[in-house]
Amino acid sequence: MADGTLRIGLIGCGGIAPAHLQSYQANERAEVVAVADLNQAAASALAEKAGATAYADYQQMLANEQLDAVGLLTPPANHRAIA
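Starting afresh in each chain, residues are numbered from 1 along the sequence in its written order. Note on the predicted model: pLDDT of at least 70 is required for a residue's local features to be given, and 80 or more for side-chain atom pairs to be given and counted; whole-chain, interface and lining totals, by contrast, use all residues. Heavy atoms throughout the structure, all of them, feed into the side-chain values; hydrogens and water do not.

K.L.:
Before we go on, may I ask you to explain the pattern of salt bridges in this structure?
P.N.:
When their charged atoms lie close together, side chains carrying opposite charge are able to pair. By definition here, a salt bridge exists when the distance from a side-chain nitrogen of Lys or Arg to a carboxyl oxygen of Asp or Glu is within 4 Å. Summed over all chains, the structure comprises one salt bridge. Residue Arg-7 is joined to Glu-65 by a salt bridge in which the shortest nitrogen-to-oxygen separation is 3.4 Å. Within this pair, whereas Arg-7 is found in strand β1 (residues 6–11), its partner Glu-65 is found in the loop between α3 (58–64) and β4 (69–72), the two being separated by 58 residues in sequence. A simple rule labels every residue: compare its accessible area, found with a 1.4 Å probe on the protein chains alone, to the largest value its type can have, and call it buried under 20%, exposed over 50%, or partly exposed in between. The exposure class of Glu-65 is buried, given its relative accessible area of 14%. To qualify as a helix, a DSSP run of H or I must reach at least 4 residues; to qualify as a strand, a run of E must reach at least 2; elements of each kind are numbered from the N terminus.

Encoded structure:
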């Protein structure tokens, strides 16, 4: 965030994820730099739209990326364990 832009990671790339990505892309102070989903195809597809790095493991994403914020976009039943 040295330049004032938040580096965002998204966990969960299906369902609502494209709408969140679109909102982040409309904000000049946010950049989605990484996405993670157990479904590698979904992660790769969203990453391509975002110009981001795709991960099949959110823990690997968190370990490898310098993120300022994370969007937790998985089904609600998974939120507690991930958070």
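K.L.:
It is not clear to me how the pairing of β1 should be interpreted in this structure. Could you clarify?
P.N.:
Looking along a regular strand, one sees side chains alternate from face to face of the sheet. As defined by bridge partners, β1 adjoins strand β2 (residues 30–36) across six bridges and the pair is classed as parallel. The partner of Arg-7 across the bridge, within β2, is Glu-31. By convention, orient the strands away from the viewer: a clockwise path from the first strand over the helix to the second makes the crossover right-handed. Note on the crossover from β1 through helix α1 (residues 17–25) to β2: the handedness is right-handed. Here β1 runs beside β4; their pairing, made up of four bridges, is parallel. Paired with Ile-11 across the strands is Leu-72, a residue of β4. When DSSP finds at least two bridges between two strands, those strands are taken to pair.

K.L.:
For this particular structure, what's the right way to read the side chain of Glu-65?
P.N.:
Polar contacts here mean pairs of N or O atoms no more than 3.5 Å apart (in protein, one a potential hydrogen donor and the other a potential acceptor; neighbouring residues in sequence count only if both atoms are side-chain atoms). A polar contact is formed between the side chain of Glu-65 and the side chain of Tyr-55, at a distance of 2.6 Å. Here, residues are in contact when the closest pair of their heavy atoms is within 4.5 Å. Setting aside anything within four residues of it in sequence, one finds Glu-65 in contact with Arg-7, Val-33, Ala-34, Thr-53 and Tyr-55.

K.L.:
I would appreciate a short explanation of the environment of Gly-12 in the present structure.
P.N.:
Relative to the helices and strands, Gly-12 is located in the loop between β1 and α1. Here the alpha-carbon distance between Gly-12 and Gly-71, two residues 59 residues apart in the chain, equals 8.3 Å. Beyond its immediate stretch of four places on either side in the chain, Gly-12 contacts Ala-17, Ala-36, Asp-37, Leu-73 and Thr-74.

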